[in-house]
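The primary structure of each chain is shown beneath.
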Amino acid sequence: MTTEDFIIELFCKVDDAMNEAPKHSQSRLYPSELVTIGLLFAWKGVGERAFYRWLMRDYDKLFPHVPERTRLFRALKTHRDWAERFLVQPGLMCVADTYGIELLHPRREGRSETQLGNKGLSNLCWIVGAKLGFVLNHLGLFVALDCNLASVADSSFRPMIAALEEQTVVLVDSAWHGKTGDPSNMKVCPRGTWNTRMLVETVLSMLTQVCHLKKVAHKIADYFWMRMAFIASAFNRPYLR
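Rules of the game
- Residues numbered from 1 in each chain as written.
- Predicted model: local features only at pLDDT ≥ 70, side-chain atom pairs only at ≥ 80, totals over all residues.
- Heavy atoms only, no water.
- Phe/Tyr/Trp six-rings, centres within 6.5 Å; stacked < 30°, edge-to-face > 60°.
- Lys NZ or Arg CZ within 6 Å of the ring centre and 35° of its normal.
- Axes fitted to C-alpha atoms, helices over the stretch in contact; angles between N-to-C directions.
- Helix = DSSP H or I, 4+ residues; strand = E, 2+ residues; numbered from the N terminus.
- Parallel < 35°, antiparallel > 145°, perpendicular 65-115°, else oblique.
- Contact = heavy atoms within 4.5 Å.
- Buried < 20%, exposed > 50% of the residue type's maximum accessible area, 1.4 Å probe, protein only.
- Pairing = 2+ DSSP bridges.
- Core = buried A, V, L, I, M, F, W, Y, C linked by side-chain atoms within 4.5 Å.
- Left-handed = near helix turned anticlockwise from the far one by under 90°.
- Nonpolar A, V, L, I, M, F, W, Y, C, P; charged D, E, K, R; others polar.

Engineer: Hey, could you run me through the packing of aromatic side chains in this one?
Structural biologist: Given two aromatic rings, their pairing is described by the distance between the two centres and the angle made by the two planes. With the rule as written, the count across this model stands at nine aromatic pairs. Note on Phe134 and Phe142: the rings are 5.5 Å apart at their centroids and 50° apart in plane angle, and the pair reads as tilted. Among the aromatic side chains, those forming a connected cluster through ring pairs are Phe41, Phe51, Trp54, Tyr59 and Phe73. For Lys23, the ring lying beneath its charged end belongs to Tyr30, and the centroid distance is 5.2 Å. Between the NZ or CZ atom of Lys214 and the centre of the ring of Tyr99, over which it lies, the distance is 4.2 Å.

Engineer: Teacher, can you tell me more about the packing of helix 3 (residues 48-58) against helix 4 (residues 69-78) here?
Structural biologist: Two quantities define a packed helix pair, namely the angle between the axes and the distance from one axis to the other. Axis separation between helix 3 and helix 4 bottoms out at 11 Å; the angle between their running directions is 110°. By the criterion of interaxial angle, the relationship of helix 3 to helix 4 is roughly perpendicular. When helix 3 is examined against helix 4, the residues Glu48, Arg49, Phe51 and Tyr52 are found in contact with a partner set consisting of Arg69, Leu72 and Phe73.

Engineer: How should I be thinking about the pairing of strand 1 (residues 93-104) in this particular structure?
Structural biologist: Side-chain positions along a regular strand alternate between the two faces of the sheet. Most of strand 1 sits out of view: 11 of its 12 residues are buried. Pairing geometry for strand 1 and strand 5 (residues 169-172), over three bridges, is parallel. Paired with Cys94 across the strands is Val170, a residue of strand 5. As paired elements, strand 1 and strand 3 (residues 125-136) share nine bridges and run antiparallel to each other. Residue pairing across strands places Tyr99 opposite Leu132, the latter belonging to strand 3.

Engineer: What is the right way to look at unusual backbone geometry in this model?
Structural biologist: Where the residue is not glycine, phi is negative for most of them; where a peptide bond is considered, it is trans in most cases. A positive phi is found at Asn123, a non-glycine position, where the angle reads about 55°. Residue position: Asn123 is located in the loop between strand 2 (118-122) and strand 3. Taking the relative accessible area as the measure of exposure, Asn123 reaches 64% and is therefore exposed. The backbone of Leu124 sits at a positive phi, close to 65°, despite the residue not being glycine. A relative accessible area of 83% means that Leu124 is categorised as exposed.

Engineer: So what exactly am I meant to see when it comes to the nonpolar core here?
Structural biologist: As a rule of thumb, soluble globular proteins bury nonpolar side chains together. Ranked by size, the top nonpolar core spans 56 residues in total, and within it Ile101, Leu132, Phe134, Leu213 and Met228 carry the most contacts. Per-element accounting of this core gives the leading share, 11 residues, to helix 8 (residues 221-235). Not counting residues within four places of it along the chain, the set of residues in contact with Leu132 comprises Asp97, Thr98, Tyr99, Ile101, Leu145, Asp146, Cys147, Leu213 and Met228. Leu141, Val152, Phe157 and Val170 belong to the second-largest nonpolar core, a separate cluster that totals 16 residues.

Engineer: Where do I start with the packing of helix 1 (residues 3-17) against helix 2 (residues 31-44) in this structure?
Structural biologist: Interhelical geometry of helix 1 versus helix 2 gives an angle of 130° and a closest axis separation of 9 Å. The angle between the axes of helix 1 and helix 2 places the two elements in the oblique class. In the packing of helix 1 onto helix 2, the handedness of the crossing is right-handed. Side by side, helix 1 and helix 2 meet where Phe6, Ile7, Leu10, Phe11, Val14 and Asp15 of the first sit next to Ser32, Glu33, Val35, Thr36, Leu39, Leu40 and Trp43 of the second. Split into classes, the residues belonging to the contact of helix 1 with helix 2 amount to nine nonpolar, two polar and two charged.

Engineer: What is the right way to look at the environment of Arg227 in this model?
Structural biologist: With respect to the helices, strands and loops of the structure, Arg227 is situated in helix 8. Judged by relative accessible area, Arg227 falls into the buried class, the value being 4%. Not counting the four nearest positions on each side in its chain, Arg227 is found in contact with Phe41, Gly45, Val46, Cys211, Val216 and His218.

Next up, the structure:
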């Protein structure tokens, strides 16, 4: 399958799911076109400028009405909730974990008053950035996600699990456990047990190797959230209806 065939197939699946979303009278793109571009941006794993050059150079015939770069990404930011509709329903058992994202080199910490993110630990290394928390179903598809500062503990993402209390059991590692406040559907897995949690390692590897998410350059929280939403939806693409 060529890249062009892949994009066409993706657009068809997205269009089937977005057929009830209204098009703004002043928008040059239909909702399904915008979501398709957002998913491609998530997979490409590069910055906004590099992605826009790639899209316009190689596939402008597929998206002939794409606006100027800044207008395009403002639209993606505004309609990130369209991406969140592709999150899947939880199964009988789910898995949760976190992923550290470096937004700034540690040597540059504190130089800007509008710095996005702060210092925290990720894989035993100090980063300046944010932390992505997520819940996956048994197939490795995103059920829920949340973002916070890199300095916060994994246990701060427990409300995401509590929201699924009547629907599923969520396996976590010991970092999610607290003295109080553990949801009743959260099961802490000691090291070396419950091999089901190894599913997380596959997803973390894809986030790093495919989406290049270990380091990104977003300066504004809304654009960072937009990227996370489209990345989660991109993982669920094979199951779009």
